[in-house]
Amino acid sequence: MTQDLVPLARIAPARRALSITGPDARRMLTPRAKAAIIVRYLLTEGAALPLASLPEQMQAALAEQMGQMRLVDRTTLDEVVDQFLSELESVGLAFPGGIEGALNVMDGHISQSAATRLRRMAGAAAKGDPWERIVTLPVERLLPILTDEAVEVGAVMLSKLPVARAADLLGKLPGDRARRVAYAVSMTGNVDPETVRRIGHALLAELDNQPSRAFETAPVQRVGAILNVSPALTRDDVLQGLEAEDAAFAAEVRKAIFTFVHIPDRVPPRDVPKITRLVEQAQLVTAFAGAQGRPELEAAAEFILANISQRLAQGLREEMGARGKIKDKDAEEAMNAIVNAIRGLEASGEITLIQQEEE
């Protein structure tokens, strides 16, 4: 709330200049009364205060205090404002308050298991709005709620989410389930806020009680990443074995694999120059020369050469012609360097690969 008190800080010099000097305040004011004076004064000055973010009991106490007060003389107002400004200016560091705020500040600096344990410990005593955290969770963590929980609970969650995220989640549900949840949303008109809060706390406790995962990525992505840099013979052999054991899993792994031969289908032509700038010219020559005589690999090499400057392409072709026979191992290493450059650009958001479903 400190940043929302900037209007008060800006008018501080003028307020001090108009202060009426004299004895101390005519009567002792409680901290709650002083808070009410400050809030009333800021609202009078047009400041937008996020009072709704305060705990409900604090909002109620503030409203009750303001309802009990009538007039405050100018001398008392000046003294309360000056005291508040002095305390505000003396603040050196502010903490977020509450375990959830602390975990948000420390996000990325403590382990996921420690954060999960702390959330479990604090979950039962949580007094804040659970939906503030639920709406920030990734779609893959929220989707099981819509598929496994009662449709009424899913409808409440869907109603609390931003429209875009709600639409994304609804689109991932099977048709019948999506229709039932959507219809349940129409029945939430008379749900009281306390019920919605309790549902939020229950969902948050369930989400926090899920066992922490040792791996950040799903098995499909991990296997695909390994096979991306594996020799072609190893990759083909593993995929054949996976298809014999679990055809569905093998199909998902194939979608996750991105190798040199996938470049023409997955890389937008306009992004090819970004890739070649990250790969040494000697590696480009090795990869392109090693692709000659192998149709799928040669098509990928020609795709890259066709989408860079003609001067650079001509220079690479001349060096390719001067190279002798390329060992398969050296060619694969050079091709993997190109693939790794593409993956790096994708991870940084500089390029977006074409998904198979979009073709």
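Residues numbered from 1 in each chain as written. Predicted model: local features only at pLDDT ≥ 70, side-chain atom pairs only at ≥ 80, totals over all residues. Heavy atoms only, no water.

Remarks on the overall build of the chain
A tally of helices and strands in the chain yields 22 helices and zero strands. Across the 359 residues of the chain, 33% fall into the buried class. For the chain, contacts bridging at least 24 residues in sequence account for 77% of all contacts bridging at least 6. (Helix = DSSP H or I, 4+ residues; strand = E, 2+ residues; numbered from the N terminus. Buried < 20%, exposed > 50% of the residue type's maximum accessible area, 1.4 Å probe, protein only. Contact = heavy atoms within 4.5 Å.)

Here we look at helix 16 (residues 247–256)
Given 3.6 residues per turn, any residue in an α-helix points the same way as the ones three and four places further on. Residues of helix 16 that are buried include every one of Ala250, Val253 and Ala256, and no others. Viewed end-on, helix 16 has its buried residues packed into an arc of 115°, placing them on one side of the element. Exposed and oriented more than 90 degrees from the buried face of helix 16 are Ala247 and Ala248. Summarising the contacts, the buried residues of helix 16 are in contact with helix 14 (219–228), helix 15 (232–245) and helix 22 (328–347). (Arc of directions from axis to C-beta.)

Re the nonpolar core
Within the largest apolar cluster, 34 residues are counted, with the highest numbers of intra-cluster contacts made by Phe260, Ile263, Val267, Phe288, Ile304, Ile338 and Ile342. For this core, the element with the most residues is helix 22, which contributes eight residues. Residues contacting Ile304, with those up to four places away along its chain left out, are Phe260, Ile263, Val272, Thr276, Phe288 and Ile338. By size, the runner-up hydrophobic cluster in this structure holds 25 residues, among which are Val139, Leu142, Ala166 and Ile199. (Core = buried A, V, L, I, M, F, W, Y, C linked by side-chain atoms within 4.5 Å.)

Remarks on the environment of Leu173
If you trace the backbone, Leu173 turns up in the loop between helix 11 (163–171) and helix 12 (175–185). Taking the relative accessible area as the measure of exposure, Leu173 reaches 8% and is therefore buried. When neighbours within four sequence positions are excluded, Leu173 is seen to be in contact with Leu143, Leu146, Thr147, Ala178 and Val181.

Regarding the packing of helix 14 against helix 16
Here helix 14 crosses helix 16 at 55°, and the two axes come no closer than 8 Å. As the angle between them shows, helix 14 and helix 16 are arranged oblique. Once helix 14 is placed against helix 16, the crossing between them reads as right-handed. On the side of helix 14, the interface is formed by Pro219, Val220, Val223, Gly224, Leu227 and Asn228, while helix 16 contributes Phe249, Glu252, Val253 and Ala256. (Axes fitted to C-alpha atoms, helices over the stretch in contact; angles between N-to-C directions. Parallel < 35°, antiparallel > 145°, perpendicular 65-115°, else oblique. Left-handed = near helix turned anticlockwise from the far one by under 90°.)

Some words on the side chain of Asp271
In this structure, Asp271 sits in the loop between helix 17 (263–266) and helix 18 (272–278). Overall, the relative accessible area of 4% leaves Asp271 in the buried class. Each residue touching Asp271, except ones within four places of it in the same chain, is listed here: Ile351 and Thr352.

Describing the side chain of Arg266
Along the polypeptide, Arg266 turns up in helix 17. Side-chain polar atoms of Arg266 contact the backbone oxygen of Ile354, separated by 2.4 Å. (Polar contact = N/O pair within 3.5 Å; in protein donor to acceptor, adjacent residues only side chain to side chain.)

Points about the pattern of salt bridges
If charged atoms from side chains of opposite charge come close, those side chains can pair. Applying the stated criterion across every chain, the model contains nine salt bridges. Between Asp168 and Lys172 there is a salt bridge, with its nearest N and O atoms 3.9 Å apart. For Lys172, a relative accessible area of 45% corresponds to the partly exposed category. In the salt-bridge network here, residues are joined through shared partners; they are Glu194, Arg197 and Arg198. (Salt bridge = Lys/Arg side-chain N within 4 Å of Asp/Glu carboxyl O.)

As for the confidence of the model for the chain
Confidence along the chain averages 81 in pLDDT terms, with 83% of residues attaining 70 or more. Confidence drops under a pLDDT of 50 for residues 1–7, and excluding neighbours within four residues, the segment shows twelve contacts in the predicted structure. Note that residues 9–26 has pLDDT below 50 and, in this model, 25 contacts with residues that lie over four places away or in other chains. (pLDDT = per-residue confidence, 0-100.)

Observations concerning helix 13 (residues 193–208)
Its 16 residues place the ends of helix 13 22 Å apart at the C-alpha level, agreeing with the 22 Å of an ideal helix rising 1.5 Å per residue. The N-cap of helix 13, judged by a side-chain oxygen 3.2 Å from the amide nitrogen of Glu194 a few residues on, is Asp192. (Expected span 1.5 Å × (residues − 1).)

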